[in-house]
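Each chain, letter by letter, is given below.
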Amino acid sequence: MNRALKIGILEGDDIGLEVVPEAIKVMRAAAAKTRLSIEWFPMPIGRKAFDQLGYTLPPGTLEKLDTLDGWVLGPIGHQAYPKDQPNAINPHPILRKHFDLFANIRPAKSYPGLPALYHDVDLIIVRENNEGFPPDRNTYMGNGEFRPTPDMTISIRLVTRQGSSKVARAAFELARTRPRRKVTAVHKNTVFKLGCGMFAEECRRVAQDYPDITLDEVMVDTFGMRLVMKPQQFDVVVTTNTFGDILSDVAAGLVGGLGLAPALSAGPARAMAQATHGSAPDIAGKSIANPYAMIMSGQMLLAWLGHKHDEPKAVKAAEVVERAMQNVINAGKTLTPDLGGKASTVEMGDAVAAQVQA
Ligand code: ATP
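A look at the domain arrangement of the protein
Looking at the assigned domains, one finds that the protein contains domain 1 (1-103 + 269-358) and domain 2 (117-255). Taken together, both faces of the contact between domain 1 and domain 2 bury some 950 Å²; the carbon and sulfur share is 48%. By the criterion of area lost to domain 2, the three top residues of domain 1 are Arg 96, Lys 97 and Phe 102, representing 59% of everything that side buries. Remark: the boundary between domain 1 and domain 2 carries 1 salt bridge. Asp 100 is the partner of Lys 166 in a salt bridge, and the nearest nitrogen-oxygen pair spans 2.8 Å. Top contributing element to the side of domain 1 that touches domain 2 by residue count: helix H4 (residues 91-98), with 3 residues. Broken down by class, the residue content of the side of domain 1 that touches domain 2 amounts to 4 nonpolar, 1 polar and 3 charged.

Thoughts on the sheet that holds strand E1 (residues 5-10)
The 10 strands are arranged E2-E1-E3-E12-E11-E4-E5-E10-E8-E9 in an open sheet whose pairing can be described as mixed. Edge positions in the sheet fall to strand E2 (38-42) and strand E9 (214-219), since each has one partner strand and no second. Averaged over all pairs of adjacent strands, the angle between their axes in this sheet comes to 25 degrees, without regard to strand direction. Bridge count between strand E4 (residues 103-109) and strand E11 (residues 264-266): 3 bridges; the pairing is antiparallel. Within E11, the position partnered with Ala 103 by the bridge is Ala 266.

Considerations on the site of the ligand
Taken together, Ile 15, Leu 258, Gly 259, His 277, Gly 278, Ser 279, Ala 280, Asp 282, Ile 283, Ala 289, Asn 290 and Asp 338 are the residues near the ligand. Between an oxygen atom of the ligand and a main-chain N or O atom of Ala 280, the distance comes to 2.8 Å. One of the backbone N or O atoms of Asn 290 is found 2.9 Å from a nitrogen atom in the ligand. In isolation the ligand exposes 620 Å². Once the protein is present, 58% of that is buried. Across the shell around the ligand, the residue classes tally to 5 nonpolar, 5 polar and 2 charged.

A few points about the packing of aromatic side chains
Following the criterion strictly, the structure yields 4 aromatic pairs and no others. Seen from their ring centres, Trp 71 and Phe 99 are 4.8 Å apart, and the 65 degrees between their planes marks the pair as edge-to-face. One end of the pair, Trp 71, is in strand E3 (residues 70-73); the other, Phe 99, is in the loop between H4 and E4, with 28 residues separating them in the sequence. Trp 71 gets classed as buried once you look at its relative accessible area, which sits at 0%. Of the residues examined, Phe 99 reaches a relative accessible area of 6% and is grouped as buried. Over the aromatic face of Tyr 111 sits the side chain of Lys 109, whose NZ or CZ is 5.4 Å from the ring centroid. Seen from the ring of Phe 243, Arg 157 lies directly overhead, with NZ or CZ sitting 5.4 Å from the centre.

What to know about helix H6 (residues 195-207)
Taking 1.5 Å of rise per residue, 13 residues should cover 18 Å, and H6 covers 19 Å from first to last C-alpha, within 8% of that figure. Taken together, the buried positions of H6 are occupied by Cys 196, Gly 197, Phe 199, Ala 200, Glu 202, Cys 203, Val 206 and Ala 207. Residues of H6 that are buried in the fold lie against helix H5 (161-176), strand E8 (182-187), E9, strand E10 (236-239) and helix H8 (241-255).

Comments concerning empty space enclosed by the protein
To find leftover empty space, one rolls a probe the size of a water molecule over the atoms. On inspection of all chains with the given rule, the structure shows 3 cavities of 30 Å³ or more. Space inside the largest cavity adds up to approximately 60 Å³. Lining of the largest cavity is provided by Arg 106, Pro 107, Ala 108, Ser 248, Ala 251, Ala 252, Val 255, Leu 260, Ala 261, Pro 262 and Thr 276. Looking at the lining of the largest cavity, the elements with two or more residues in it are E4 and H8.

Observations regarding the packing of helix H1 (residues 16-34) against helix H11 (residues 345-357)
Put simply, H1 and H11 touch, their axes get as near as 9 Å, and they point 10 degrees apart. By the criterion of interaxial angle, the relationship of H1 to H11 is roughly parallel. On H11, the residues that touch Glu 18, Val 19, Glu 22, Lys 25, Val 26, Ala 29, Ala 30 and Lys 33 of H1 are Thr 345, Val 346, Gly 349, Asp 350, Val 352, Ala 353, Val 356 and Gln 357. Here the contact of H1 with H11 is composed, by residue class, of 8 nonpolar, 3 polar and 5 charged.

Digging into a nonpolar patch on the surface
Taken together, the side chains of Phe 146, Met 152, Ile 154 and Ile 156 make up a nonpolar region of the molecular surface, amounting to roughly 310 Å² of accessible area. Of note, Met 152 is situated in strand E7 (residues 152-155).

Looking at the pattern of salt bridges
Across all of its chains, the model carries 18 salt bridges by this definition. Ionic pairing is found between Lys 25 and Glu 22, a salt bridge with its closest N-O pair at 2.6 Å. Taken together, the residues Lys 25 and Glu 22, both in helix H1 and 3 residues apart, mark about one turn of the helix. Across the salt bridge formed by Lys 25 and Asp 350, the nearest N and O atoms sit 2.5 Å from each other. With Lys 25 in helix H1 and Asp 350 in helix H11, this residue pair connects regions lying 325 residues apart in the sequence.

What counts and what doesn't
Residues numbered from 1 in each chain as written. Predicted model: local features only at pLDDT ≥ 70, side-chain atom pairs only at ≥ 80, totals over all residues. Heavy atoms only, no water. Domains from an automatic or database assignment. Buried area = accessible area lost by both parts, 1.4 Å probe. Salt bridge = Lys/Arg side-chain N within 4 Å of Asp/Glu carboxyl O. Helix = DSSP H or I, 4+ residues; strand = E, 2+ residues; numbered from the N terminus. Nonpolar A, V, L, I, M, F, W, Y, C, P; charged D, E, K, R; others polar. Pairing = 2+ DSSP bridges. Axes fitted to C-alpha atoms, helices over the stretch in contact; angles between N-to-C directions. Near = heavy atom within 4 Å. Polar contact = N/O pair within 3.5 Å; in protein donor to acceptor, adjacent residues only side chain to side chain. Areas by Shrake-Rupley, 256 points an atom, 1.4 Å probe, with all protein chains shown as cover. Phe/Tyr/Trp six-rings, centres within 6.5 Å; stacked < 30°, edge-to-face > 60°. Buried < 20%, exposed > 50% of the residue type's maximum accessible area, 1.4 Å probe, protein only. Lys NZ or Arg CZ within 6 Å of the ring centre and 35° of its normal. Expected span 1.5 Å × (residues − 1). Contact = heavy atoms within 4.5 Å. 1 Å grid on protein atoms, 1.4 Å probe; cavity = no way out; pocket = protein on both sides within 12 Å on 5 of 7 lines; lining within 4 Å. Points joined across faces, edges and corners; volume = space filled by probe spheres on them. Parallel < 35°, antiparallel > 145°, perpendicular 65-115°, else oblique. Patch = residues over 30% accessible without salt bridge, like charges linked within 9 Å, V, L, I, M, F, W, Y side chains within 5 Å.

Structure follows, in structure tokens:
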């Protein structure tokens, strides 16, 4: 690649204002270390943008993002946005839809030495991101949940061949980069014969293009039990939207909580780094938010961009961040309170950046 990568910085709300700067600090350090050129584009979004500009998603944002390779998005605290204000919308689903960010990739990795239920887990849940049950995502216009009478609610779940096939392919590609070379498709085609049935058919169809990868299928309820009892048996897991949403939080709980749950939403041309956790207003402004999830979401973005644009320096930068984080965790001296330490958000970010530079 003979140009700089273009990466946007959208801080989001609440603890986003604290953890996103740490992620950018570490990514900048990794870029400097590997001589990777990155042009950064800070852009207003969320409550701060609404207070300053009158919009949570200011006009021109999508057009600007269209010119970038990817971006880091902090958590969005839309529940606290002013009600009945047409410009105070939740920007998140709009970004995912507009850029067709169809794969939400959520790793759950445990570290010996950190408080967790298991110390030997390394799995990734690949969740379909733009279909399924969430009512703000599964229709072209209007809402996928409605109430025909005061005592009846109907929730629509959307499953398409194309959406299922795309997310399955993303999972198989990911499995190829990992030693176990295994994909587990999670569904319940015994009950949801058409919806889950279509998802399963597409997973099997895509599997034919990957003879080097084993495909395993597990019913979602059984998977929930097996995930809690023996999470080590899973590697790459692919599933539909709501199953993936729930199961990835369970997986985060097995390895130490939401502070340790990074994520990347990837599409055909761009990717968005955004941690699994929400904006955590209860701990905002206290300098105790764990920056791990946001930093490692940035790390995933670097790796994704490196593979997408055939840019070995970005792949290297991602490896450098991963190693630096591992070193900080192994040393155990600069960890935030949720990990049993006493460090502030900035102190932990500084420690990771210092390890990147070392
Ligand atoms: P959303 O609905 O937007 O996903 P949520 O209501 O599920 O959000 P979060 O904002 O994710 O909740 O936070 C849940 C709890 O997890 C918070 O109360 C907070 O204590 C903890 N938490 C979340 N993120 C972090 C973090 N980065 N560091 C430490 N604790 C965190």
